[in-house]
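# Residue-level structure breakdown
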Amino acid sequence: MEYKYIAGSSFGKDSIATILTALKYKEPLDAVLYCEVMFDEEISGEVPEHRDFIYNTAIPWVESQGIPVFAVKSERTYLDVFYQKIQKSSNPALIGKCVGFPLSGRCHIQGRCKVRSLERYMRKRLPNVMVQYVGISEDEPFRLQRLKPGKISLLAKYGIGKEEAFGISRAAGLLSPVYDFARRSGCWFCPNASEQELAHLREQHPKLWKRLLKLGAEDTATARFNRTYTVFELEERLRKKH
């Protein structure tokens, strides 16, 4: 079978609303493509509650609609990027150090792990794709302006904003439980995570939180976990608050 129309999906609210919108308006949709960013070779980068939702609820539901789902694991892991040695820098003191935590607001994990893996997979397995639906709502003009040829937002086409996408997913029983404690779906090690999300990780998934603390002790180019705090400063803040 030739797959010409696919939906790139994280199975967050906008991605789910995109699939539901395609089905509602009978837009062509041949398959759904998902990339699971990995922390290391065995541990997923997905927040555990969201990963359970993806594999136990979202993917089975999509497949029940007769739409195949291609699930790809990232070729490079978060740790591969974290421990990558800096070869060139305008600051000689950084040469030879590990890259460390990705910069908040400019997370290169998305590009180096997720995007490259998806692009390679599509070139090899889905060479005939003409259109890729992306989960961008109509009230995100900046992201819409940056869409490359061949990528289309069905949410923008049908005038669906963030709040409506949330409602569409919830009404279908396909809203990830990640939204019970987070404003968006993202990796558990994301530097853009809110303090509420990090508190949830620390309380509900202490083994993962300890992995971040362990990384914080490494001698890397980036000392801070996000724009403001190191992981140890976050640990102290969250310990006092929670």
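Residues numbered from 1 in each chain as written. Predicted model: local features only at pLDDT ≥ 70, side-chain atom pairs only at ≥ 80, totals over all residues. Heavy atoms only, no water.

Glancing now at helix α1 (residues 13-24). Between its terminal C-alpha atoms α1 stretches 16 Å, which fits the 16 Å expected from 12 residues at 1.5 Å a residue. Here α1 lies mainly inside the structure; 10 of its 12 residues are buried. Where α1 is concerned, the buried positions are K13, D14, S15, I16, A17, T18, I19, L20, T21 and A22. On its buried side, α1 packs onto β1 (5-8), β2 (31-36), α2 (48-64), β5 (131-133), α6 (154-157) and α7 (162-171). K26 sits one or two residues past α1 and shows a positive phi near 55 degrees. (Helix = DSSP H or I, 4+ residues; strand = E, 2+ residues; numbered from the N terminus. Expected span 1.5 Å × (residues − 1). Buried < 20%, exposed > 50% of the residue type's maximum accessible area, 1.4 Å probe, protein only. Contact = heavy atoms within 4.5 Å.)

Moving on: the packing of α1 against α2. The interhelical angle for the contact between α1 and α2, taken along N-to-C directions, is 15 degrees, at an axis separation of 12 Å. Classed by the angle they form, the pair α1 and α2 counts as roughly parallel. The way α1 lies across α2 gives a crossing that is left-handed. Contacts between α1 and α2 pair I16, I19, L20 and L23 from the former with A58, W61 and V62 from the latter. Split by residue class, the contact of α1 with α2 holds 7 nonpolar, no polar and no charged. (Axes fitted to C-alpha atoms, helices over the stretch in contact; angles between N-to-C directions. Parallel < 35°, antiparallel > 145°, perpendicular 65-115°, else oblique. Left-handed = near helix turned anticlockwise from the far one by under 90°. Nonpolar A, V, L, I, M, F, W, Y, C, P; charged D, E, K, R; others polar.)

What follows deals with the side chain of E235. Within the secondary structure, E235 is located in helix α10 (residues 231-241). Within the local environment of E235, its side chain forms a polar contact with the side chain of W209, the two groups lying 2.7 Å apart. Beyond its immediate stretch of four places on either side in the chain, E235 contacts R202, W209 and L213. (Polar contact = N/O pair within 3.5 Å; in protein donor to acceptor, adjacent residues only side chain to side chain.)

What follows is about a negative patch on the surface. Judged by side-chain charge, E138, D139, E163 and E164 come together as a negatively charged surface patch. Here D139 falls in the partly exposed class, since its relative accessible area comes to 39%. (Patch = residues over 30% accessible without salt bridge, like charges linked within 9 Å, V, L, I, M, F, W, Y side chains within 5 Å. Areas by Shrake-Rupley, 256 points an atom, 1.4 Å probe, with all protein chains shown as cover. Salt bridge = Lys/Arg side-chain N within 4 Å of Asp/Glu carboxyl O. Lys, Arg positive; Asp, Glu negative; His and termini not counted. Charge placed at Lys NZ, Arg CZ, Asp CG, Glu CD.)

Attention shifts here to the layout of surface pockets. Approximately 2,000 Å³ is the volume attributed to the largest pocket. Taken together, 45 residues form the lining of the largest pocket, with Q110, K114, V115, I136 and R143 sitting closest to its centre. The set of elements that each furnish at least two residues to the lining of the largest pocket consists of α1, β2, α4 (109-125) and α5 (141-145). Among the elements that line the lining of the largest pocket, the one with the most residues is α4, at 8 residues. Split into classes, the residues belonging to the lining of the largest pocket amount to 17 nonpolar, 14 polar and 14 charged. (1 Å grid on protein atoms, 1.4 Å probe; cavity = no way out; pocket = protein on both sides within 12 Å on 5 of 7 lines; lining within 4 Å. Points joined across faces, edges and corners; volume = space filled by probe spheres on them.)

What follows covers the pairing of strand β3 (residues 69-73). When β2 meets β3, the two strands line up parallel, connected through 5 bridges. Along β3, the bridge assignment pairs C35 with V72. Crossover β2 to β3 through α2 is right-handed. (Pairing = 2+ DSSP bridges. Right-handed = clockwise from strand over helix to strand, strands pointing away.)

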